[in-house]
Amino acid sequence: MTAYLITACGAVFLSVIVSFVIPQGKLNGTITFVMRMICIAILVLPLTKLFVVGGQEQEELVDYGYVCDVYSRTQSDALARELEERFGAETECDVVISYDGSDFFVESVTVGITGNYDSLSHEIYEYLREADYINITVYESG
């Protein structure tokens, strides 16, 4: 509270000093208006904190399970498109995204290749390993 009072007094004092220093002319009204708006904003600042959701309450409002599910589906679809474009094979991808309390991360990747391809599963596995995926499973379904 003391810091707020010092800031408010400093803003008012600064606006008084500026009103004495600014020249009389066209800019006088504009500069005075800007200084008054700054003073009002500083004085109203504590009221804005009444409408802010606290950090703990905000954490409870987020459904991280749902976010992980949506994120997993979009990443799975994007990976399937990337593999089809890169290797020319139809795949079914399942990228599992998890949340550990501070960050989202890829937990595992499963790729099912539709059809029989010679050593394509090995190539896809190497591609995913080079892309820094972890817990990779690649299989072919005939």
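Our subject in this report is the structure included herewith. Here the residue numbering is sequential within each chain, running from 1 through the sequence in written order. Given that the model is predicted, a residue must reach a pLDDT of at least 70 before its local features are reported, and side-chain atom pairs must reach 80 or more before they are shown or counted; all residues, however, enter totals for whole chains, interfaces and linings. No hydrogens and no water enter the side-chain calculation; it runs on all heavy atoms of the structure.

### Digging into the overall build of the chain
Stated formally: Only DSSP runs of H or I covering at least 4 residues are called helices, and only runs of E covering at least 2 are called strands; the numbering of each starts at the N terminus. The globule rule used here is 2.2 Å times the number of residues to the 0.38 power, and the radius of gyration it is set against is calculated over C-alpha atoms. Any residue under 20% of the maximum accessible area for its type is buried, any over 50% is exposed, and the rest in between are partly exposed; the area is computed with a 1.4 Å probe on protein chains only. For this analysis, residues touch if any pair of their heavy atoms sits within 4.5 Å. Here the open area of atoms and residues is found with the Shrake-Rupley method and a 1.4 Å probe, where only the protein chains shown may cover a residue. Lys and Arg are tallied as positive, Asp and Glu as negative. Neither His nor the chain termini are counted. Just so you know, the charge point we use is NZ for Lys, CZ for Arg, CG for Asp and CD for Glu.
Looking only at helices and strands, one finds five helices and three strands in the chain. Along its sequence from the N terminus, the chain presents helices and strands in the succession α-α-α-α-β-β-α-β. Its C-alpha atoms give the chain a radius of gyration of 29 Å, clearly above 14 Å, the size a compact globule of 142 residues would have. When burial is assessed residue by residue, the chain has 22% of its 142 residues classed as buried. Looking at the chain alone, contacts between residues at least 24 apart form 51% of all its contacts between residues at least 6 apart. Approximately 10300 Å² of the chain is accessible, and the part contributed by carbon and sulfur atoms is 58%. Here the chain contributes 7 positively and 21 negatively charged side chains, and the mean placements of these two sets differ by 22 Å.

### What to know about a nonpolar patch on the surface
Using the following cut-off: Exposure above 30% relative accessible area and no salt bridge define the residues that can form patches, which grow by joining like charges within 9 Å and nonpolar side chains of Val, Leu, Ile, Met, Phe, Trp and Tyr within 5 Å. Every case where a carboxyl oxygen of Asp or Glu lies within 4 Å of a side-chain nitrogen of Lys or Arg is listed as a salt bridge.
A surface patch of nonpolar side chains, amounting to about 700 Å² of accessible area, comprises F33, V34, M37, I38, I40, L43, V44 and L47. Since its relative accessible area comes to 45%, I40 is described here as partly exposed.

### Comments concerning the side chain of T91
Of note, T91 is situated in strand β1 (residues 91-99). Those residues in contact with T91, other than ones at most four positions away along the chain, are A80, L83, V111, G112, I113 and I124.

### As for the nonpolar core
Stated precisely, the cut-off is as follows: Residues belong to one nonpolar core when they are buried, are Ala, Val, Leu, Ile, Met, Phe, Trp, Tyr or Cys, and are joined through side-chain atoms within 4.5 Å.
Counting residues in each nonpolar core, the largest one holds 16 residues, and the members touching the most others are L79, L83, V111, I113, I124, L128 and V138. Those elements that provide at least two residues to this core are α4 (64-87), β1, β2 (104-114), α5 (120-130) and β3 (136-141). A per-element tally of this core places α5 first, with four residues.

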